[in-house]
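Structural features, examined
Below, each chain spelled out in residue letters.
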Amino acid sequence: MGGRHTERDPEDALVAHLVRFLTELGMGFAFVGRQYPVVVGDSEYRIDLLFYHCKLHCYVVLELKTRKAHPEHFGQLGFYVSAVDDLVRDKEFDGPTIGILIAESRDRSMVEYALRGYNQPLAVSTYAGLPDRVRELLPSAEDLSRIADGVPNTPQTTA
């Protein structure tokens, strides 16, 4: 309708090309799930895409947005990272979960302010908040932008 897309549209495209996507993400990524369910309290939430990084020994939450990144997206991403840290990861063997937001676009100043208050490793087309060791093993900001840009646009459907 009117050229708008649902958040599931790019997710569907990414999953349809999962092997290519994993290859482009880089060495060590393993696909865990799509719309991965986590139950917090009496509510179920769904993470767009969940990966495990075999070299870093940690989970990677990938959140997809079809519009410009907004501060509330970091709250959602931080929530998912915390939930995976507490409910999914093995604290004895796995490192802290990493969160990556891929959005249509972003305002660098907003991202800087939004990330400043987080102690969790979160990124949106930038790796300023990630440790060097982690940054080297993850796709670059340019790679993520290229991957996101390569997602075919499909019209939103209504039921």
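Up top you'll find the structure we're talking about.
Presented here is a report on the structure given in the accompanying data block. Every chain begins its residue count from 1, and numbering advances along the sequence as written. Local features are withheld for residues below a pLDDT of 70 in this predicted model, meaning they are given only at 70 or higher, and side-chain atom pairs are given and counted only at 80 or more; totals for whole chains, interfaces and linings count all residues. The basis for every side-chain value is the complete set of non-hydrogen atoms in the structure, without hydrogens or water.

Of all hydrophobic cores here, the largest spans 17 residues; its most connected members are Ile47, Val61 and Val84. Think of it this way: any DSSP run of H or I at least four residues long counts as a helix, any run of E at least two long counts as a strand, and we number them from the N terminus. Broken down by secondary-structure element, the contributors of at least two residues to this core are β2 (43-53), β3 (58-64), α3 (71-87) and α4 (108-116). Ranked by the residues each element gives to this core, the list is headed by α3, at six residues. Whether two residues are in contact is decided by their heavy atoms: any pair within 4.5 Å suffices. Not counting residues up to four positions away in its chain, the partners in contact with valine 84 are Ile47, Leu50, Tyr59, Val61, Arg89 and Thr97. The set of buried Ala, Val, Leu, Ile, Met, Phe, Trp, Tyr and Cys residues whose side-chain atoms join them within 4.5 Å is what this entry labels a nonpolar core. The classification of residues rests on relative accessible area computed with a 1.4 Å probe and restricted to protein chains. Under 20% of the type maximum is buried, over 50% is exposed, and intermediate values are partly exposed. One finds Leu56, Val60, Leu64 and Ile98 within the second-largest nonpolar core, a separate group that totals eleven residues.

A word on the environment of aspartate 85. Mapped onto the elements, aspartate 85 comes out in helix α3. Along the sequence, aspartate 85 and threonine 97 sit twelve residues apart, while their C-alpha atoms lie 5.9 Å from each other. Aspartate 85 has contacts with Lys91, Pro96 and Thr97, leaving out every residue within four places of it along the chain.

Here we come to a nonpolar patch on the surface. Residues enter patches when they are more than 30% accessible in relative terms and free of salt bridges; like-charged ones are connected within 9 Å and nonpolar ones (Val, Leu, Ile, Met, Phe, Trp, Tyr) within 5 Å. Each accessible area is a Shrake-Rupley result for a 1.4 Å probe, and residues are judged covered by the shown protein chains and nothing else. When a carboxyl oxygen of Asp or Glu lies within 4 Å of a side-chain nitrogen of Lys or Arg, that pair is called a salt bridge. On the surface, Val40, Tyr45 and Leu87 cluster together into a nonpolar patch covering about 230 Å² of accessible area. Along the chain, tyrosine 45 falls in strand β2.

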